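Next come the chains, spelled out residue by residue.
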Amino acid sequence: MAGERVVTYCRICEPLCGMVATVEDGRLTELRPDPDNPLSRGYACPKGIAMAEVHNDPDRVLHPLRRTGDGSFEQVSWDEALDDIGNRLGAIVNRDGGGAVGWYFGNPGAFSYSHTLWVGGFLDALGTSHYYSAGSQDVNNRFAASALLYGNPVLVPVPDLTRTDFLMLIGANPLVSHGSVLSAPRIREQLLAIVERGGRVAVVDPRRTPTAAQFEHVPIRPDGDAWMLLSMLQVIFEEGLADERYLAEQTDGWQELARAAAAHPPEQTAPRTGIEPDVLRDLARAIAQAEGAAIYGRTGSCLGRHGTLVAFLIDALAAATGNLDTAGGSVFGDPPIALDEVAERIGIASYDERRSRIGNFPDVLGNMPASLMAEEIETPGEGQLRALFVSAGNPVLSVPDGDRLEQALGELELMVSIDLYVNETNAHADYVLPATTFYERDDFPLPFLAFHVPPFVHYTERVVEPAGEAREEWWTIDQIARRIGIAPYPVPALRLLAKLGIRITPQRLIDLLLRTGPGGDLFGLRRGGLSIAKLRDRHPHGLVLADQAPGGVLKRKLARKRRRIQLAPDPIREELARLPAAEEEDPDFPLRLIGMRELRSHNSWMHNAPLLMRGGRTQALRVHPEDAARLDLGDGVAASLESKGGAVEVPVLVTDEMTPGTVALPHGWGHRGGGWKLANANRGVNVNRLASSDAGDLERLAGMAFLNGIPVRLSASQSPSIRSTEASSAGRSRGSAAPPAASLGSSASITSPPSNRSSTFGSM
Ligand SMILES: Nc1nc2c(c(=O)[nH]1)N[C@H]1C(S)=C(S)[C@@H](COP(=O)(O)OP(=O)(O)OC[C@H]3O[C@@H](n4cnc5c(=O)[nH]c(N)nc54)[C@H](O)[C@@H]3O)O[C@H]1N2
Ligand SMILES: Nc1nc2c(c(=O)[nH]1)N[C@H]1C(S)=C(S)[C@@H](COP(=O)(O)OP(=O)(O)OC[C@H]3O[C@@H](n4cnc5c(=O)[nH]c(N)nc54)[C@H](O)[C@@H]3O)O[C@H]1N2
Ligand code: SF4
Ligand SMILES: [Mo]
């Protein structure tokens, strides 16, 4: 194969698989899995391979764009764009203060340490609370729970996959998502290994997902997780299975938690969870009796009405059974940069230190609920949101009630986006500024360091120079900051130094953090310690730091602060008191809508890659055969799906992988109008039109959007506008027409997976 091979890693999702890029004449022409990456060992999924098409996409934005009077965009120079943005932003800040400026930071941003650090610094320097991200649609409840349990939102446990005997997955589908808040390449193999060594993997999910089909499926009613966990605790305390020594030594408030759980025996919660009491008792006993049991919740456990309580109860169950911070249980990473300590020192490890102007929600890591953005723009008064930046995000599709947000965006005085594409959101921006892809920037997996089991670090230089006039986000942020006279640094001391003319780059900052961290070389004082240069020069494939996750990390960290695990903090007590005894039924909306992810989609942004769109695939609503028969809906039939807030028309896919009464529709579709032509040609619908952005509908403790378990009704569509053939091709394409998962053996070719059954296809 011609061209230079450059070793790097993928940054689409959290396993961060090793990649080898082929570079010809300065162009990235091909991506292949890196056989020498010690964790991913030659594995990459179809999205990772297709990233070459995103990178070279003719629809990609490569020059600064300015919106014209008729709503289209024209190319302008960087100076022209930055000067005008600086002037307009400066005028808003002078008039209303920094608190009128906001930022929505999307999911791909989190994969870039420089982007993450400079956005935080920019907003801190402005002194604004309008910081929004994908977190309130994803994981902020998990951070809030950690703040309540451990006093630090960034201390998040991960399942000790290599040693656990019992893994309970709650609302996670890692065979498709590849794992999240957990960086574990080849996760399917890791899960299979648990079973092979005599352990169990139970998957609590309303849908028989590929992960559930492969292991033990425990179907649950949407949003029943809090009741399920309370019942498991009830069984554990009632049957004397609790590890009282662990509880007495390391926790406060466990008796109170036990009393709260006592009110929820499995028989009582069965109507709410849909789980047979015997099944739940068996699960609870198995966890208590396993040598090491790990309980792991992901988005399906986060996006109901009680996400923070659920995340809290997951760790409480681990603590009650002595499985927290111990081998084979839920463990805490101990990476070479102690992110929890750094975050504490520079003041970003915050929870409930500020409240949102609308709805009085607590901040989580400085983030406010993104569902509130529209209302923050619409509502006059002190702190009204007047200028909004959106980087690496598409909230019109990803946040509840995109229609309302879209309207509100039109009321802003200034909107600026930094992105690879003109998407459904930044189509409303005054400027769209071209970002580099991750292959055009250096990276270090700062936010994911503690989520690797075993601990692992990796550094990569950029693989190719930025295409066109694309620039890294931190550079763009720095340029705008200079024009309004601020320094966008995440550390207050650095902002002071900037006043003396001393400026720093993210590359310098990350090296400083690494070298002075627990694994650092202390600038030569610690032999064998790490620096960025050392990682780059000696460990291009990444470096495994230990065979196993260390145990006892939490104990050590809490001891230093003279703190214990809090099992009955006030906000949780109040939340428990608020838990309704029964589900609120509305006969007008008898079904429950949940989300799902697809192997060949990545939220909203990979529908323009031809490799991923092959086979005429489109979005479809999964409906159980019983519900379909009752409603007289067949495969491919167009249906109207309505919630109290909105309606969409979708083709139906009848499948017994659903539980009766529950329907599933993927998010990230509903493309129109932006610059991505192939995506627009396969548009689908925006499921989040059915979700509510009202403050009263958000989860109280972290402002989580309510996206799983939305009450809906379904009927045959009256409109002939949906082509029914699309739906049936959506069903068929899962097995046959999809691109193969890549695996690199001795030859550099992509081989087809051994099986094309939908339960195993391409997920590892
Ligand atoms: N291919 C692909 N991979 C991805 C992404 C993608 O879009 N495509 N997105 C990435 C991102 S941003 C993230 S955050 C991760 C998410 O990673 P995961 O959370 O593992 O991904 P999901 O497939 O959404 O899994 C959530 C599961 O929860 C179930 N569920 C829904 N409601 C409930 C409920 O009330 N209770 C329970 N117990 N389960 C419920 C759903 O059926 C679904 O199977 O995936 C990442 N990886
Ligand atoms: N109903 C429902 N809604 C959901 C979810 C769900 O499960 N159900 N999941 C939620 C979750 S977990 C998430 S994470 C969110 C995602 O929501 P968002 O983060 O708002 O949206 P994405 O679809 O990830 O869009 C990312 C944008 O970033 C751009 N981009 C990609 N790489 C880069 C880069 O390196 N730099 C820059 N500047 N731009 C880049 C892409 O072109 C795209 O426009 O969706 C949430 N919404
Ligand atoms: S699973 Fe796929 S998208 Fe995720 S990091 Fe690996 S190759 Fe990239
Ligand atoms: Mo996410």
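Residues numbered from 1 in each chain as written. Chains lettered and ligands numbered in written order. Predicted model: local features only at pLDDT ≥ 70, side-chain atom pairs only at ≥ 80, totals over all residues. Heavy atoms only, no water.

Some thoughts on the overall build of the protein
Here's step 1: Counting its regular elements, the protein contains 28 helices and 30 strands.
Here's step 2: On C-alpha atoms alone, the protein measures out to a radius of gyration of 25 Å, which is about the 27 Å that the 2.2 N^0.38 rule sets for 764 residues.
Here's step 3: Each principal axis of the C-alpha distribution contributes one length, and for the protein these read about 70 × 70 × 65 Å.
Here's step 4: Looking at the 764 residues of the protein, the share that counts as buried comes to 63%.
Here's step 5: Expressed as a percentage of contacts within the protein between residues at least 6 apart in sequence, the contacts between residues at least 24 apart total 75%.
Here's step 6: For the protein, the exposed area adds up to about 26,900 Å²; of that, 49% sits on carbon and sulfur atoms. (Helix = DSSP H or I, 4+ residues; strand = E, 2+ residues; numbered from the N terminus. Rg over C-alpha atoms; globule rule 2.2 N^0.38 Å. Buried < 20%, exposed > 50% of the residue type's maximum accessible area, 1.4 Å probe, protein only. Contact = heavy atoms within 4.5 Å. Areas by Shrake-Rupley, 256 points an atom, 1.4 Å probe, with all protein chains shown as cover.)

Looking at the site of ligand 3
Here's step 1: The environment of ligand 3 is formed by Cys10, Ile12, Cys13, Pro15, Leu16, Cys17, Met19, Ala44, Cys45, Lys47, Gly48 and His178.
Here's step 2: Class assignment for the residues of the shell around ligand 3 results in 9 nonpolar, 2 polar and 1 charged. (Near = heavy atom within 4 Å. Nonpolar A, V, L, I, M, F, W, Y, C, P; charged D, E, K, R; others polar.)

Some words on unusual backbone geometry
Here's step 1: Omega for the peptide link from valine 453 to proline 454 comes to -10 degrees, which places this bond in the cis form.
Here's step 2: Residue position: proline 454 is located in the loop between β20 (431-434) and β21 (456-457).
Here's step 3: Of note, the phi angle at leucine 16 is positive, near 55 degrees, even though the residue is not glycine.
Here's step 4: Within the secondary structure, leucine 16 is located in the loop between β1 (4-9) and β2 (18-24).
Here's step 5: Judged by relative accessible area, which is 5%, leucine 16 ranks as buried.
Here's step 6: The phi dihedral of aspartate 401 is positive, around 55 degrees, even though this residue is not glycine.
Here's step 7: Structurally, aspartate 401 is set in the loop between α17 (395-398) and α18 (402-409).

Some points on the side chain of glutamate 406
Here's step 1: Note that glutamate 406 resides in helix α18.
Here's step 2: In this structure the side chain of glutamate 406 is engaged in a polar contact, spanning 2.9 Å, whose partner is the side chain of histidine 428. (Polar contact = N/O pair within 3.5 Å; in protein donor to acceptor, adjacent residues only side chain to side chain.)

Brief notes about the site of ligand 2
Here's step 1: Near ligand 2 you find 30 residues, and of these Tyr104, Asn107, Asp419, Glu473 and Ser604 are the closest.
Here's step 2: Contacts to ligand 2 include alanine 392, whose backbone N or O atom sits 3.4 Å from an oxygen atom.
Here's step 3: At 2.6 Å from an oxygen atom of ligand 2 is found a side-chain nitrogen or oxygen belonging to aspartate 419.
Here's step 4: Out of a free accessible area of 930 Å², ligand 2 has 98% covered by protein chains.
Here's step 5: Going through the elements one at a time, α17 and β19 (414-419) are the ones with two or more residues in the shell around ligand 2.
Here's step 6: Split by residue class, the shell around ligand 2 holds 13 nonpolar, 12 polar and 5 charged.

Overview of the domain arrangement of the protein
Here's step 1: For the protein, the domain assignment lists domain 1 (157-331) and domain 2 (591-732).
Here's step 2: Domain 1 puts 20 residues into the contact, and the matching count from domain 2 is 22 residues.
Here's step 3: Taking both sides of the interface into account, the surface hidden between domain 1 and domain 2 amounts to around 1,800 Å²; carbon and sulfur atoms contribute 56%.
Here's step 4: The largest per-residue losses of area from domain 1 upon contact with domain 2 belong to Arg207, Leu303 and Arg305, which jointly make up 35% of the total buried on that side.
Here's step 5: Summed over the shared surface of domain 1 and domain 2, the result is 2 salt bridges.
Here's step 6: Two residues, arginine 208 and aspartate 656, come together in a salt bridge whose shortest N-O distance is 2.9 Å.
Here's step 7: Where domain 1 packs against domain 2, one counts 7 residue pairs in polar contact (both at pLDDT 80 or more).
Here's step 8: Residue assignment for the side of domain 1 that touches domain 2 shows that the elements contributing at least two residues are α5 (174-177), α13 (299-302) and α14 (307-320).
Here's step 9: Each residue belonging to the side of domain 1 that touches domain 2 can be placed in one class, and the counts come to 7 nonpolar, 8 polar and 5 charged. (Domains from an automatic or database assignment. Buried area = accessible area lost by both parts, 1.4 Å probe. Salt bridge = Lys/Arg side-chain N within 4 Å of Asp/Glu carboxyl O.)

Remarks on the confidence of the model for the protein
Here's step 1: Here the protein averages 93 in pLDDT, and 94% of its residues register 70 or above.
Here's step 2: For the stretch residues 722-764, pLDDT sits under 50, and the model shows 96 contacts to residues farther than four places along the chain or on other chains. (pLDDT = per-residue confidence, 0-100.)

A closer look at the packing of helix α4 (residues 140-150) against α14
Here's step 1: Axis separation between α4 and α14 bottoms out at 8 Å; the angle between their running directions is 55 degrees. Viewed along their axes, α4 and α14 adopt a mutual orientation that is oblique. Viewed along their axes, α4 and α14 form a crossing whose handedness is right-handed. Judged by residue contacts, Asn141, Arg142, Ala144, Ala145, Leu148, Leu149 and Tyr150 of α4 engage Gly307, Thr308, Ala311, Phe312 and Asp315 from α14.
Here's step 2: Residue composition of the contact of α4 with α14, by class: 7 nonpolar, 3 polar and 2 charged. (Axes fitted to C-alpha atoms, helices over the stretch in contact; angles between N-to-C directions. Parallel < 35°, antiparallel > 145°, perpendicular 65-115°, else oblique. Left-handed = near helix turned anticlockwise from the far one by under 90°.)

Describing the sheet that holds β20
Here's step 1: Reading across the sheet, the 7 strands line up as β6-β5-β20-β19-β18-β7-β8 and stay open at both edges, with mixed pairing between neighbours. Since the sheet does not close on itself, it has two edges, and those belong to β6 (73-75) and β8 (131-133), each with one partner. Ignoring strand direction, the axes of neighbouring strands in this sheet form an average angle of 20 degrees.
Here's step 2: One ladder, built from 4 bridges, connects β19 with β20; its direction is parallel. Opposite serine 417, over in β20, you have valine 432 as the bridge partner.
Here's step 3: In this fold helix α2 (residues 78-96) packs onto β5 (65-67), β7 (101-105), β18 (387-391), β19 and β20, with an angle of close to 130 degrees to the strand it touches most, β20. (Pairing = 2+ DSSP bridges.)

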